[in-house]
Amino acid sequence: RAKANGKGRVEVYEPSMHTDVVRRVELEAQLRRALRERRFTLLYQPVVDLSSGRITDVEALIRWRDEGGALVTPAEFIRLAEDSGRIVQLGRWVIQEAVRQATRWHRAGHRIGVAVNLSARQVATPGLIEGVQAALEGCGLPPEALTLEITESVLLDGVESTVSRLRAVKEYGVRLAIDDFGTGYSSLAYLCRLPVDLLKIDRAFIEGLGRDDDHATNCGKLAAAIIRLGRDLDLELVVEGIERPEQLALLRDMGCQRGQGFLFSGPLDAAGVQTLLDRGPIPLRRGGVDTPSAP
Ligand code: C2E
Ligand code: MG
Ligand code: MG
Ligand code: MG
């Protein structure tokens, strides 16, 4: 089949287009049911102090348990949830659940922070601060224990209301992080307008560290420059995606305090985090690490 489109233009119908649409509609319906049936779950990835191996925070990462019981990653549904607007409801649940879980760890004597990822749509919609307050006050968790991670795309819209909403959350005491720092646009300009506490350096800059080619050398120089920038601006830094001991060693030499990555631990369920916390600092032997793997 081909469909006429305007004056004499013909769009060729590709069978793959049909498949995509069907898949989308099907996922949409599943997402709706998943929200109703609470089929979402959070995993938590430790953020580690690079000198002591202590876990300072965990980042909540959403997973969707599909109807066959398999865990679906956010890459496959966050976009869909954004397009349909369901991300607002979903995002509110993530904040509530992460705060509830962090409160349990605090009660067990582990005063770690918890970080939650926000999507652009969530910040563009009124109600963010109310959701955050309700979650924190409902549990009695101090606001400083919660970090909200935004990507530069959240700021791309440049709407004044986005900035003022984030300022309100910050004034309430919650911490703000720029996620995937260095991969977006106009990030530096936004650092002037937003009271940011923390930069999370994207793993694109870390990947090449310790390798011996031009690409790796450039990555290393950029990583070092971003780390210096963060320090000059008095911002905390977390490096994402540390996978190899050489990366850890180099990052420590560059003066980076904290990091996250498969070298230390992948995302774990709440019980897995509890076990890791009870065990004490993650041993960083000559850059080597000895941890259980992700579930
Ligand atoms: P992100 O916030 O930058 O999270 C880091 C992602 O990198 C996670 O993928 C994590 O599992 C993965 N990762 C961690 N360490 C390593 C490593 O050493 N190597 C490699 N290759 N990857 C590593 P995940 O869980 O699939 O999440 C992907 C993205 O989905 C997140 O990126 C975040 O932008 C988004 N996301 C996750 N949960 C939520 C949520 O609750 N709400 C919203 N709006 N977005 C979320
Ligand atoms: Mg993040
Ligand atoms: Mg990130
Ligand atoms: Mg990232």
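Summary of the structure given here. Please read these numbers as outputs of a predicted model, since none were measured by experiment.

**Concerning the overall build of the chain**
So, point 1. The helix and strand inventory of the chain stands at 11 helices and 13 strands.
So, point 2. The buried share of the chain, taken over its 295 residues, is 46%.
So, point 3. Within the chain, counting contacts between residues at least 6 apart in sequence, those at least 24 apart form 68% of the total.
So, point 4. Of the roughly 14,900 Å² that the chain leaves accessible, carbon and sulfur atoms contribute 51%.

**Regarding the coordination of the magnesium ion (ligand 2)**
So, point 1. At this site the magnesium ion (ligand 2) is bound by E59 (OE), N117 (OD1), E149 (OE) and D179 (OD), with donor distances of 2.0 to 2.2 Å.
So, point 2. All donors of the magnesium ion (ligand 2) come from a single chain, and their spacing in sequence reads E-x57-N-x31-E-x29-D.

**Comments concerning the site of ligand 1**
So, point 1. Taken together, 22 residues lie near ligand 1, and R63, N117, D179, E243 and F262 sit nearest.
So, point 2. Between a nitrogen atom of ligand 1 and a side-chain N or O atom of Q45, the distance comes to 3.0 Å.
So, point 3. Contact distances for ligand 1 include 3.2 Å between an oxygen atom and a side-chain N or O atom of E240.
So, point 4. Here ligand 1, which alone exposes 800 Å², has 82% of that area covered by the protein.
So, point 5. Looking at the shell around ligand 1, the elements with two or more residues in it are strand 4 (55-65) and strand 8 (175-181).
So, point 6. The dominant element in the shell around ligand 1, judged by the number of residues it contributes, is strand 4, at 4 residues.
So, point 7. Residue classes in the shell around ligand 1 are distributed as 9 nonpolar, 5 polar and 8 charged.

**Observations regarding the packing of helix 5 (residues 128-139) against helix 7 (residues 160-172)**
So, point 1. Axis separation between helix 5 and helix 7 bottoms out at 9 Å; the angle between their running directions is 20°. Judged by the inter-axis angle, helix 5 sits roughly parallel to helix 7. The way helix 5 lies across helix 7 gives a crossing that is right-handed. Contacts between helix 5 and helix 7 involve L128, I129, V132, Q133, L136 and E137 on the former and, on the latter, A168, V169 and Y172.
So, point 2. Looking at the contact of helix 5 with helix 7 residue by residue, the classes come out as 7 nonpolar, 1 polar and 1 charged.

**Details of the environment of N218**
So, point 1. Structurally, N218 is set in helix 9 (residues 214-232).
So, point 2. The class for N218 is partly exposed, based on a relative accessible area of 44%.
So, point 3. In this structure, the C-alpha to C-alpha distance between N218 and F205, residues 13 residues apart in sequence, is 8.6 Å.

**What to know about the packing of aromatic side chains**
Where two aromatic rings form a pair, the distance of their centres and the angle of their planes describe that pair.
So, point 1. Applying the stated rule across the entire model yields 4 aromatic pairs.
So, point 2. Arranged with centres 5.0 Å apart and planes meeting at 85°, the rings of Y44 and W105 form a pair that is edge-to-face. In this pair, Y44 sits in strand 3 (residues 40-49) while W105 sits in helix 3 (residues 87-107), placing the two residues 61 residues apart along the sequence. Of the two residues, Y44 and W105, both sit in the buried class.
So, point 3. Among the aromatic residues, those joined into a cluster by ring pairs are F40, W64 and F77.

**Brief notes about the nonpolar core**
So, point 1. F40, L146, L148, I150, L251 and F264 are the most contacted members of the largest nonpolar core, which has 80 residues in total.
So, point 2. Per element, the largest residue contribution to this core is 9 residues, and it comes from helix 3.

**Observations concerning the pairing of strand 8**
Remember that side chains alternate between the two faces of the sheet whenever the strand is regular.
So, point 1. For strand 8, a buried count of 6 out of 7 residues is recorded, marking the element as mostly surrounded by other parts of the structure.
So, point 2. As paired strands, strand 7 (residues 146-151) and strand 8 are joined by 5 bridges and run parallel to one another. Paired with L148 across the strands is L176, a residue of strand 8.

Quick notes on the rules
- Residues numbered from 1 in each chain as written.
- Chains lettered and ligands numbered in written order.
- Predicted model: local features only at pLDDT ≥ 70, side-chain atom pairs only at ≥ 80, totals over all residues.
- Heavy atoms only, no water.
- Helix = DSSP H or I, 4+ residues; strand = E, 2+ residues; numbered from the N terminus.
- Buried < 20%, exposed > 50% of the residue type's maximum accessible area, 1.4 Å probe, protein only.
- Contact = heavy atoms within 4.5 Å.
- Areas by Shrake-Rupley, 256 points an atom, 1.4 Å probe, with all protein chains shown as cover.
- Donors = N, O, S within 2.8 Å, 3.2 Å for Na, K, Ca; no water.
- Near = heavy atom within 4 Å.
- Polar contact = N/O pair within 3.5 Å; in protein donor to acceptor, adjacent residues only side chain to side chain.
- Nonpolar A, V, L, I, M, F, W, Y, C, P; charged D, E, K, R; others polar.
- Axes fitted to C-alpha atoms, helices over the stretch in contact; angles between N-to-C directions.
- Parallel < 35°, antiparallel > 145°, perpendicular 65-115°, else oblique.
- Left-handed = near helix turned anticlockwise from the far one by under 90°.
- Phe/Tyr/Trp six-rings, centres within 6.5 Å; stacked < 30°, edge-to-face > 60°.
- Core = buried A, V, L, I, M, F, W, Y, C linked by side-chain atoms within 4.5 Å.
- Pairing = 2+ DSSP bridges.

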